[in-house]
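# Observations on the model geometry
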Amino acid sequence: MALTHRSHAYESGATETNERLEFLGDSVLGLVVTEELYRRYPDLDESRLSPLRSGIVNMRALADIARTLELGQYMRLGKGEETTGGRDKNSLLADALEALIGAIYLEVGFTGCAEAVVRLIETTIESAMAQGSGLDGKTALQELLASIGRGVPEYLVSESGPDHDKDFTAIAMVGDVAIADGSGKSKREAEQAAARTAYAILQREVTDAGTS
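Residues numbered from 1 in each chain as written. Predicted model: local features only at pLDDT ≥ 70, side-chain atom pairs only at ≥ 80, totals over all residues. Heavy atoms only, no water.

You'll find the chain entered in an unreviewed UniProt entry as ribonuclease III, with freshwater metagenome given as the organism. For the record of the chain, the UniProt heading Catalytic activity (unreviewed entry) holds the text "Endonucleolytic cleavage to 5'-phosphomonoester." (UniProt positions renumbered as here; feature names shortened; annotations may be inferred.)

Moving on to helix α4 (residues 59-68). Here α4 has its buried residues at Met-59, Ala-61, Leu-62, Ala-63, Ile-65 and Ala-66. The distance from a side-chain oxygen at the start of α4 to the backbone nitrogen of Arg-60 is 3.0 Å, and the residue carrying that oxygen is Asn-58. Immediately downstream of α4, the backbone of Glu-70 shows phi near 60°, a positive value. (Buried < 20%, exposed > 50% of the residue type's maximum accessible area, 1.4 Å probe, protein only. Helix = DSSP H or I, 4+ residues; strand = E, 2+ residues; numbered from the N terminus. Polar contact = N/O pair within 3.5 Å; in protein donor to acceptor, adjacent residues only side chain to side chain.)

Spatially, the three strands line up as an open sheet ordered β1-β2-β3, and their pairing is antiparallel. The two strands at the open ends of the sheet, each matched to only one other strand, are β1 (154-160) and β3 (177-184). Each neighbouring strand pair of the sheet contributes to a mean axis angle of 20°, computed without reference to strand direction. Sheet analysis places strand β2 (residues 167-174) next to β3, joined by seven bridges and oriented antiparallel. Residue pairing for β3: Ile-171 is matched across the bridge by Asp-181. (Pairing = 2+ DSSP bridges. Axes fitted to C-alpha atoms, helices over the stretch in contact; angles between N-to-C directions.)

A word on unusual backbone geometry. A positive phi is found at Glu-70, a non-glycine position, where the angle reads about 60°. The topology assignment puts Glu-70 in the loop between α4 and α5 (79-83). Judged by its relative accessible area of 46%, Glu-70 falls in the partly exposed class.

Where helix α2 (residues 19-40) contacts helix α6 (residues 90-130), the two axes come as close as 8 Å, and the packing angle between them is 45°. As judged from the angle between their axes, α2 and α6 are oblique. Once α2 is placed against α6, the crossing between them reads as right-handed. Here the contact of α2 with α6 is built from residues that sort into 20 nonpolar, two polar and eight charged. (Parallel < 35°, antiparallel > 145°, perpendicular 65-115°, else oblique. Left-handed = near helix turned anticlockwise from the far one by under 90°. Nonpolar A, V, L, I, M, F, W, Y, C, P; charged D, E, K, R; others polar.)

Okay, here's the thing in structure tokens:
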């Protein structure tokens, strides 16, 4: 059930999809990640823990974890999703992972599920920290640009999906140049993701210029 997308259920006449498990898994995941970061980084305050958490539980990060588990090949999809590359869509993969977490929680309880989730997100936490996800991305980017005299960043945001399940994509612009993009389930999350990636890119450029 955890890997049954609504497109398959509708086409096959089934009544159950993975959406309820996804709802449950989303909450379990959020709590597990929050507790893990709280314990792991006692010196970080809320202003840094919150964007770090967003860097771990955003759609793209969850989709990447799902890919490492090869969930795409096991998802039950309708013909429409199948023909449009649904097995590699970030949104479907992220939803499937959350549904799987929900199913694990029901099967083994919170403690066992938390242990499994922490193992899954270990690499993602390290990557998020390395990319500056522990920073308020928009503030960090703005301060970096000010320090090198490149003006103020702007964000171009687009959205897709139904009203109850929208996906947002933001592009961080510096002048007329698109530096990086980011995605999320809200405009703010997408802008923060784009800003953090742009910050990492520009910070490397500054560092490389200083050592050349």
